[in-house]
Amino acid sequence: MGHSMGGHGALTIGLKNAAAYRSISAFSPVVNPVAVPWGQAALAGYLGDDQETWKQYDTCELLKQYDGPKLPVLVDQVRAVQHSAGHRSPGPVPVCVCATRCVYVC
């Protein structure tokens with residue numbers, strides 16, 4: 001379970017290691033950092049410029065290729081957030097991807 005960036009970690013770690021968990025919970029998680037400028041800057045700073053590597057740390061990208069066990073997942077997220085620095089989050093995890101790939105969204 002995690003909130004914001006911690007929710008991002010809960011989702012990405014849970015999806016990468018699904019056999020080790022019974023469920024995943026995230027509250028207002030960062031879910032698609034490859035799609036927003038602040039996420040791209042952070043990923044480049046930590047991982048370099050290879051955008052394929054970035055996808056390993058992006059929930060939406062991980063869900064596109066997920067083939068692990070189905071897990072109950074709770075994602076509590078607003079539709080979009082305007083951050084104080086003027087950045088806007090892209091919105092919630094695509095539920096259609098979750099439902100067809102890996103998870104039961106609560």
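Everything discussed here concerns the structure shown above.
Anyway, here's the lowdown on the structure attached to this text. What you see is a predicted model, and the numbers here were worked out from it, not measured in a lab. (Residues numbered from 1 in each chain as written. Predicted model: local features only at pLDDT ≥ 70, side-chain atom pairs only at ≥ 80, totals over all residues. Heavy atoms only, no water.)

Let's shift gears to the pairing of strand β2 (residues 24-27). Two elements, strand β1 (residues 2-3) and β2, share two bridges in a ladder whose sense is parallel. Across the sheet, Gly-2 pairs through a bridge with Ala-26, a residue of β2. Handedness of the crossover joining β1 and β2 through helix α1 (residues 5-16): right-handed. (Pairing = 2+ DSSP bridges. Helix = DSSP H or I, 4+ residues; strand = E, 2+ residues; numbered from the N terminus. Right-handed = clockwise from strand over helix to strand, strands pointing away.)

Within this model, the second largest pocket holds a volume of roughly 190 Å³. Surrounding the second largest pocket, Met-5, His-8, Val-30, Pro-33, Trp-38, Gly-39, Ala-42, Leu-43, Tyr-46, Leu-47 and Tyr-57 form its lining. When residues of the lining of the second largest pocket are traced back to their parent elements, those giving at least two are α1 and α2 (37-47). Sort the elements by how many residues they give to the lining of the second largest pocket and α2 lands first, with six residues. By residue class, the composition of the lining of the second largest pocket is nine nonpolar, two polar and no charged. (1 Å grid on protein atoms, 1.4 Å probe; cavity = no way out; pocket = protein on both sides within 12 Å on 5 of 7 lines; lining within 4 Å. Points joined across faces, edges and corners; volume = space filled by probe spheres on them. Nonpolar A, V, L, I, M, F, W, Y, C, P; charged D, E, K, R; others polar.)

Right, let's talk about the pairing of strand β3 (residues 71-76) for a bit. Alternating positions in β3 separate cleanly, Leu-71, Val-73 and Val-75 being buried on one face and Pro-72, Leu-74 and Asp-76 remaining unburied on the opposite face. Of the strand pairs in this sheet, β2 and β3 are connected by four bridges, and their pairing is parallel. For Ala-26, the partnering residue across the bridge sits in β3 and is Val-75. (Buried < 20%, exposed > 50% of the residue type's maximum accessible area, 1.4 Å probe, protein only.)

Let us look at the pattern of salt bridges. All told, the structure shown has two salt bridges when counted by the stated rule. The partner of Lys-55 in a salt bridge is Glu-52, and the shortest N-O contact between them spans 3.1 Å. With its nearest N and O atoms 3.2 Å apart, the salt bridge here joins Lys-64 to Glu-61. Taken together, the positions of Lys-64 and Glu-61, both in helix α4 (residues 59-65) and three residues apart, correspond to about one turn of that helix. (Salt bridge = Lys/Arg side-chain N within 4 Å of Asp/Glu carboxyl O.)

The first and last C-alpha atoms of α1 sit 16 Å apart over 12 residues, in line with the 16 Å expected at 1.5 Å per residue. Among all positions in α1, only Gly-7, His-8, Gly-9, Ala-10, Leu-11, Thr-12, Gly-14 and Leu-15 are buried. Where α1 is buried, its residues meet β1, β2, α4 and β3. (Expected span 1.5 Å × (residues − 1). Contact = heavy atoms within 4.5 Å.)

To continue, consider a nonpolar patch on the surface. On the surface, Tyr-46, Leu-47 and Tyr-57 cluster together into a nonpolar patch covering about 350 Å² of accessible area. With respect to the helices, strands and loops of the structure, Tyr-57 is situated in the loop between α3 (51-54) and α4. Residue classification places Tyr-57 among the partly exposed residues on the basis of a relative accessible area of 33%. (Patch = residues over 30% accessible without salt bridge, like charges linked within 9 Å, V, L, I, M, F, W, Y side chains within 5 Å. Areas by Shrake-Rupley, 256 points an atom, 1.4 Å probe, with all protein chains shown as cover.)

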